Amino acid sequence: MADAEQCPGAEAGLTENQESPAAGTDSGTPGDKPVCLLVLGMAGSGKTTFVQRLTAHLHSLKTPPYVINLDPAVHEVPFPANIDIRDTVNYKEVMKQYGLGPNGGIVTSLNLFATRFDQVMHFLEKKQQNHRYILIDTPGQIEVFTWSASGTIITETLASSFPCVVIYVMDTSRSVSPVTFMSNMLYACSILYKTKLPFIVAMNKTDIIDHSFAVEWMQDFEVFQDALNQETSYVSNLTRSMSLVLDEFYTNLRVVGVSAVTGSGLDELFVQVEDAVVEYERDYRPEYERLRKQLADAQSRKQQEQLERLRKDLGAVDMTSTPSSDGADTAGPSDLIMTRGNPDDSEEDEDSDTDDIDHSATEESKEVDSFGTFLKERKEVVQVRNRKCAMPEDP
């Protein structure tokens, strides 16, 4: 894994040509913070081409976006990326070192990148006055981003600081079958409840087939049932039941038909984006603020508990800074540690209670007494021996 300091080099080299004094001045949303557009979608739905078209469209309006590429496996991106995950993580090296396959390599690369995402937030906060939109292109395997821990971290981190809108890119040409259409809608519904952010379905590739049939299926339950009656597979029965469940999901869903090739429908898309930002400020931001305050309170309580535990462990130590006059002569453990081996000069000058005692004379007197006792004992032993020798032997 390369150092994350490579990100500033890529970011600084690209934003010089993209910054514009007019960026953000045409804002119709509350606040001055840029809007994060998180582009998700199934593999092959045209996410990267869609981001390229959005970038070109915003450049034509003199409001250049701040673009982030989060796909570590892409060979090349067709748009200028301010921050590219490939500058931080080497996807092939991750696969080699960890012995992973393609999807596992993408998940691990995102996990490694998420550990440095605080630096990405620093870049965004520094450039937020120069850009109206932040475009984020995600990996081709949608489940990698939506269900991995790193995807959740990135999404929640962005949503806690900036207005965020999820754009789900749907391949209209592959959704002409009611069963396939229902699968796409189920995935969109799951992402909506997973991210808990304003949601827009961008029906892409309208240059191939018009998306009006899908809109009609969403608005008219009977028309969708008629289309299902033509299906003979066993899945059609399940789809028929699920369509009843998603009927409420369709009522508040924003749907826009776009073409990443021709650029049609982008004006209507940005109208929906502005409406979604208002919804974010009204409904989603208070929730994120509540969660942030709850997290801050939890951290504060944890710190207080640690301080209380520390006070209990050091209960005998006076933690106050002002010394007590009554106990001036007694020192706590901290005082002993700080003064051990470094006595004050005043203490050296003070007379001790034993300074008037001649220690050398005391030791000498003890030695004289001991030596006298030893001589007395030896004298008694010699006398006893002499008496035994002087006694006459028996005849």
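Reading guide: rules and limits
- Residues numbered from 1 in each chain as written.
- Predicted model: local features only at pLDDT ≥ 70, side-chain atom pairs only at ≥ 80, totals over all residues.
- Heavy atoms only, no water.
- Disulfide = S-S within 2.5 Å.
- 1 Å grid on protein atoms, 1.4 Å probe; cavity = no way out; pocket = protein on both sides within 12 Å on 5 of 7 lines; lining within 4 Å.
- Points joined across faces, edges and corners; volume = space filled by probe spheres on them.
- Helix = DSSP H or I, 4+ residues; strand = E, 2+ residues; numbered from the N terminus.
- Nonpolar A, V, L, I, M, F, W, Y, C, P; charged D, E, K, R; others polar.
- Buried < 20%, exposed > 50% of the residue type's maximum accessible area, 1.4 Å probe, protein only.
- Contact = heavy atoms within 4.5 Å.
- Pairing = 2+ DSSP bridges.
- Axes fitted to C-alpha atoms, helices over the stretch in contact; angles between N-to-C directions.

Which residues make up the state of the cysteines, and what are the values?
According to the stated counting rule, one finds zero disulfides in the structure shown. No disulfide involves cysteine 36; its nearest neighbouring cysteine sulfur is the one of cysteine 164, lying 4.0 Å away.

Lay out empty space enclosed by the protein with the relevant residues and their values.
Taken as a whole and assessed by the stated rule, the structure comprises one cavity of 30 Å³ or more. Its boundaries defined by the atoms lining it, the largest cavity holds a volume of some 40 Å³. Considering the residues around the largest cavity, the lining is formed by Met182, Trp217, Met218, Phe221, Phe224, Ser243, Asp247 and Tyr250. Counting only elements with at least two residues in the lining of the largest cavity, the list comes to helix H9 (212–219), helix H10 (221–229) and helix H12 (247–251). Here the residues of the lining of the largest cavity sort into six nonpolar, one polar and one charged.

Break down the environment of proline 72 for me, citing the residues and quoting the values.
Relative to the helices and strands, proline 72 is located in the loop between strand E2 (66–69) and strand E3 (83–84). A residue is classified by how much of its surface remains accessible, and proline 72, at 5% relative accessible area, is buried. Here the alpha-carbon distance between proline 72 and valine 107, two residues 35 residues apart in the chain, equals 9.5 Å. In contact with proline 72, other than residues within four places in its own chain, are Ile85, Arg86, Tyr91, Ile106, Ser109 and Pro139.

Before we move on, could you go through the sheet that holds strand E4 (residues 133–137) and cite the residues and values that matter?
Across the sheet, seven strands lie side by side as E3-E2-E4-E1-E5-E6-E7; this open sheet has parallel pairing. Whereas interior strands pair on both sides, the edge strands pair on one side only; in this sheet they are E3 and strand E7 (254–257). Here six bridges tie strand E1 (residues 35–41) to strand E5 (residues 164–171), and the two strands are oriented parallel to one another. Counted as the bridge partner of glycine 41 is valine 169 from E5. Contacting E2, E3 and E4, helix H5 (residues 117–127) crosses the sheet at an angle of about 170 degrees to E2.

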